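Here's the letter readout for the chains.
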Amino acid sequence: QVQLVESGGGLVQAGDSLRLSCAASGHTLIFTMGWFRQAPGKEREFVAGITWKGGPTNVADAVKGRFTISRDNTKNMVYLEMNNLKPEDTAVYYCALRRKLEVTIPSMPNEYAYWGQGTQVTVSS
């Protein structure tokens, strides 16, 4: 049984930083994990992904240079460090898990089998 629980979201001002955490349980250690986000009225959008070994990683162009994904397999945790936040980063952020033995990081939501319930990030201007 796989369970993913996100935390760390909140209300911040433009230019601030947040670190999101994803606590994983079940057989998640050997699979690619990713972060997605979804704003009202928009499609779910890939943010960043990481393989089970902690590398390589993939980061979306919209957040490249500002966001960093990392993984601590000893604690079964995945993190998303977000710096220089912008109002357009406002969304619900989701942690996701693949269920395929491939050393790849897809950006399409339908390539991920399990999802957390999300954590809200709101950035004011």
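Everything discussed here concerns the structure shown above.
None of the values given here were measured: they were computed from a predicted structure.

A. The arrangement of the packing of aromatic side chains in detail. The final tally for this structure, using the stated rule, is five aromatic pairs. Ring geometry for Phe36 and Phe46: centres 5.5 Å apart, planes at 75°, overall edge-to-face. Of this pair, Phe36 sits in strand S4 (residues 33-38) while Phe46 sits in strand S5 (residues 45-50), and the two are ten residues apart along the sequence. Residue Phe36 is classed as buried on the basis of its relative accessible area of 0%. The ring of Tyr79 has Arg19 sitting right over it, with the charged end atom 4.4 Å from the ring centre. The cationic tip of Arg44 hangs over the ring face of Trp115; the distance from NZ or CZ to the ring centre is 4.8 Å.

B. Region of interest: the state of the cysteines. Going through the model one piece at a time under the given rule, you end up with one disulfide. Shown here is the disulfide that connects Cys22 with Cys95, its sulfur atoms set 2.1 Å apart. An S-S torsion of about -80° defines the bridge between Cys22 and Cys95 as left-handed. Here Cys95 lies in strand S9 (residues 91-97) and Cys22 lies in strand S3 (residues 18-25), a separation of 73 residues in the sequence. Exposure remark for Cys22: the relative accessible area of 0% places this residue in the buried category. Judged by relative accessible area, which is 0%, Cys95 ranks as buried.

Reading guide: rules and limits
Residues numbered from 1 in each chain as written. Predicted model: local features only at pLDDT ≥ 70, side-chain atom pairs only at ≥ 80, totals over all residues. Heavy atoms only, no water. Phe/Tyr/Trp six-rings, centres within 6.5 Å; stacked < 30°, edge-to-face > 60°. Helix = DSSP H or I, 4+ residues; strand = E, 2+ residues; numbered from the N terminus. Buried < 20%, exposed > 50% of the residue type's maximum accessible area, 1.4 Å probe, protein only. Lys NZ or Arg CZ within 6 Å of the ring centre and 35° of its normal. Disulfide = S-S within 2.5 Å.

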